[in-house]
Structures are given as structure tokens and as C-alpha cells.
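# Residue-level structural notes
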Amino acid sequence: LALFCYGIFFYHYPMIALFQVALFVAYTYKGIIKKKTRIFTMLAFVIVMCYFSRFELYAFLYIPIEYVEEYGTYEIKDYEVLANEVEGDFVGFGSERLKDIYLRTDRVPCSRFFSIQDWHASFDEETKQEIRADYLSGKVKNVIVEVEQYYTIRDILLEKYDLVDEQGNCKLYTLRE
């Protein structure tokens, strides 16, 4: 119920928890509550469950329609334009905004560090060096970066890569031959 009170609500939570709670209440209070009161208590609990089940019904009936409408108005992102220019593999280097670049372009990233790299690098120096090693070694030939989201490899890009194109807030770099 805390999820409902604080407004942090995921529609599958009641579906998972409410009926288990009903069984728990039924078995727990079986010996404690008198028979007449038990029927009233269970009836009240069923009413409460029905009230919260309306969220499940809403999620089941209307949320998928909202997602379909969202995908029906497909918008081409600036990084998607750059990714379509790339022949071969690439890595999207930047924030969580680039998380769907591989799905949108039906590609596989050429580095195991394929998303939110600066965030990963901020936690561990060893991880930061592994990320940098992929670019220093030339393993990553093409990089699509967000303009202000590539602090970990900025110096490597300036030294070993050429700026090929820009679209909106993203840039495409290719490894120098």
C-alpha cells in the first residue's frame, strides 16, 4: 500500500501482491476472528481488492493502447540518422538517451561498454581504463557521441578519430586510418 500512498506505482505490483495478501489474511485470521466478523472482514477485504484491481484493469486495457499510439507516431532521432550513415559496427557513447540506438538501427554494439559509459567510468578507475582501451586499440571504428556526454574518451576522439557528421546534439566520429 505504500506504493499507492507515495505515488510510485507500477501497474504489475497489485497483480502480483493483492491476491497473495488476501490468502494471507484469510488463513491468518481464520482462528482469531469469530465466524460472523470473519465474513464481514473478508467482504471488506474483497471490496478493497476490487478497488485496487481497477488499476490492474486500467493497465491491462489502456496502457498497451497508449504504447501503440506512441510507436505509431515514430520519430526519427538525430542519433538514428548518424547510425544509418555508418557502414559496419559502431558504439553509441553518451547518456541513457542513446539506449535504444541499437534496437532502432538493428545493430549490435562492437564494445561491451555500449551505453552510459561515463556513468560506469565514474564508479571505478579500472572500468574507465577498460573503456578507454577499446578506443585506444582501435577496436571501435565508429562512435556516435552526445555533445556533452563523452568526458571519458574526449582526448582519444580528438587524437585518433575524425569528426564525420553532426546531427542535433550528436556527433559521428570515425577512426583515422
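Residues numbered from 1 in each chain as written. Predicted model: local features only at pLDDT ≥ 70, side-chain atom pairs only at ≥ 80, totals over all residues. Heavy atoms only, no water.

### Describing unusual backbone geometry
For clarity, the threshold we go by: Only runs of H or I of at least four residues qualify as helices and only runs of E of at least two qualify as strands under DSSP, and these elements are numbered from the N terminus. Classification of residues uses two cut-offs on accessible area relative to the type maximum, computed with a 1.4 Å probe and protein chains only: under 20% is buried, over 50% is exposed, and between them is partly exposed.
One non-glycine residue, Asp106, lies in the positive phi region at around 55 degrees. Tracing the chain through its elements places Asp106 in the loop between helix 6 (101-105) and helix 7 (117-121). Even without glycine at this site, Ile116 takes up a positive phi of about 40 degrees. Counting through the fold element by element, Ile116 comes out in the loop between helix 6 and helix 7. For Ile116, a relative accessible area of 24% gives the class partly exposed.

### Considering helix 8 (residues 125-136)
Cut-off, in case you're wondering: Expected helix span is computed as 1.5 Å times (number of residues minus one). This arc describes the spread of directions from the helix axis toward the C-beta atoms. Contacts were defined at the residue level, with two residues in contact if any of their heavy atoms lie within 4.5 Å.
With 12 residues, helix 8 ought to run about 16 Å at 1.5 Å a step, and its terminal C-alpha atoms sit 16 Å apart, in line with that. Along helix 8, the residues classified as buried are Thr127, Ile131, Arg132, Asp134 and Tyr135. Taken around the axis of helix 8, the buried residues stretch over an arc of 150 degrees, which confines them to a single face. Packing partners of the buried residues in helix 8 comprise strand 1 (91-93), helix 7, strand 2 (142-146), helix 9 (154-160) and strand 3 (161-167). Phi turns positive, to about 90 degrees, at Gly138, one or two residues after helix 8.

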